[in-house]
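Geometric and topological summary
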Amino acid sequence: MNELEHGQEQRQDDSVAAEVRNAVKSAVSYRWWGEVPWALASKSQLGRADLPREPGGPVRGWVSGRDFRGREMDIELYAVAESVPTKASGGQLAAADRRRTATVRVCSDCGANCQQPLAERRGRYLCAMCAKLARIVDFQIELRERRTELAAWAQGVLADPGLAVVWVEVMEAEPTPSGRRRPPLAARVHAVDGHGRLLVDVLVRLAGPRTKGAPAAAIPPEEGARALQAALEGRRRITWTADALQAVTGRLAALGHPVRLGPAGPHGPETGVWSPHRPAWPGQVCDRLAQWRGELDPVTGELRAPWPPGAADRLLLCLQRIASTAGTDAGRPGRSRGARREDDGAGPAGAYEVRIAVTGPAGAAERLAGVLAATGAAEHGSLAGPVPSREVPGAQVTYFAGNPEVLLPGNEPADAAQ
């Protein structure tokens, strides 16, 4: 080994050692497997590895999981660096590989030769990274479909003649020395109608007259209550968060100046139909804007929170931009699982998902999928696999999606894979 190779190996060993040190500083509890670092593994994971190992040190953490009966339990985690090889020799492991037919370790998408067995996901066996990418792709498809719903919602909001788009900024007071939260000092309430015309723009005092720190330009609570009621009473109020305006009106009521605005519901028929097969999306305006933008954090894959507009007319502009995307279909192509399960007016059969599994040569499965797709009994482009069969040693299994409207004419659930 030359000096360069030795230096590279030393840096790799140092990196692994640093990862282990970070993971095992103290025993940590993890909520789910996605949080568990690569440097930790359960006893069963160590034993299922293609080069099996067994714990060689103390428990270094726990992760919430379920046992074989489905009961919740805390699974013990060990440091991989502290584990030791089992007594199985290389020849014994090779013989076990030849006997094993139900274990798949090769990723269907990237071809990675994984240490741990891979679980099936809609006809594919995916490594951790490919499974994460697949989940992100599904999420992006759902977000594209969600934009259609959001555009219909925004159009309905803007069509309401009683619309009031409200922006609230609250000036908080300094907490007490013990950390107890004090009532807010003041709030600015800015509102425009659906055409951008100003309804109200007031800075109202929310503290008593002897409270220090409130802005001198703030109007008294009684004047602010009258201004808000005159401008917003009976209107459909759209705010950044559901409780933004309630924080102001609640404080005014506590000071003896209640504001009676009435219900904030629509003044006309709602547009857009919410499908029972779609996810239950959060409905606050800040959440809807995040869903419409669809920006994902590259580290976590979660939706990024949008930056606040900062004024009522800018929030109105966001609603107008959402509404303007009606009829467009930009984004990740494909159909989400919820969309595939939707009944497009053809009866209950549309709510079922049918998957066809063909055991045998991959070429034969492709020809069968082509024949069924030509007759409308299978979906075009849904072929997945082949992957090794779990039941038939040496055989391959290929999957494709069937059309439930053709395959389930009696509208009864069925498993076409059997």
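What you see is a predicted model; the values in this text were computed from it and never measured. (Residues numbered from 1 in each chain as written. Predicted model: local features only at pLDDT ≥ 70, side-chain atom pairs only at ≥ 80, totals over all residues. Heavy atoms only, no water.)

1. Some words on the nonpolar core
Val 165 and Trp 240 are the most contacted members of the largest nonpolar core, which totals 21 residues. Among the elements of the structure, α4 (128-158), β9 (163-171), α7 (285-293) and α8 (312-324) are those that each provide at least two residues to this core. The element contributing the most residues to this core is α8, with 7 residues. For Trp 240, the contacting residues outside a window of four places in its chain are Val 166, Trp 167, Gln 284, Val 285, Cys 286, Leu 289, Pro 306, Trp 307, Pro 308, Pro 309 and Leu 315. In this structure, Val 166, Val 202, Ala 231 and Leu 232 belong to the second largest nonpolar core, which totals 20 residues. (Core = buried A, V, L, I, M, F, W, Y, C linked by side-chain atoms within 4.5 Å. Buried < 20%, exposed > 50% of the residue type's maximum accessible area, 1.4 Å probe, protein only. Helix = DSSP H or I, 4+ residues; strand = E, 2+ residues; numbered from the N terminus. Contact = heavy atoms within 4.5 Å.)

2. Considering the sheet that holds strand β11 (residues 198-205)
Taken in spatial order, the 4 strands line up as β11-β10-β9-β12 in an open sheet, and their pairing is mixed. In the strand order of this sheet, the two ends are held by β11 and β12 (236-239), each with one partner. Taking the axes of each pair of neighbouring strands and ignoring which way they run, one obtains an average angle of 20 degrees across the sheet. The sheet contacts of helix α5 (residues 221-232) involve β9, β10 (186-192), β11 and β12, and relative to β11 the element is tilted by about 160 degrees. Most of the contacts of helix α6 (residues 244-254) go to β9, to which it runs at about 65 degrees, and overall it touches β9, β10, β11 and β12. (Pairing = 2+ DSSP bridges. Axes fitted to C-alpha atoms, helices over the stretch in contact; angles between N-to-C directions.)

3. Here's the deal with the packing of α5 against α6
Between α5 and α6, the shortest axis-to-axis distance is 10 Å and the interhelical angle comes to 135 degrees. Looking at the two axes, α5 sits oblique to α6. For α5 against α6, the interelement crossing comes out left-handed. Facing α5, whose interface residues are Pro 221, Ala 225, Leu 228 and Leu 232, α6 presents Leu 245, Val 248 and Leu 252. (Parallel < 35°, antiparallel > 145°, perpendicular 65-115°, else oblique. Left-handed = near helix turned anticlockwise from the far one by under 90°.)

4. Looking at the packing of aromatic side chains
Tallied over the entire structure, the rule returns 2 aromatic pairs. Pairing Phe 139 with Trp 281 gives two aromatic rings, centres 6.2 Å apart and planes at 10 degrees, and the pair type is stacked. Note that Phe 139 is positioned in helix α4 and Trp 281 in the loop between α6 and α7, a separation of 142 residues in sequence. Exposure remark for Trp 281: the relative accessible area of 18% places this residue in the buried category. When the ring of Trp 167 is compared with that of Trp 240, the centres are 5.7 Å apart and the planes differ by 50 degrees; the resulting orientation is tilted. (Phe/Tyr/Trp six-rings, centres within 6.5 Å; stacked < 30°, edge-to-face > 60°.)

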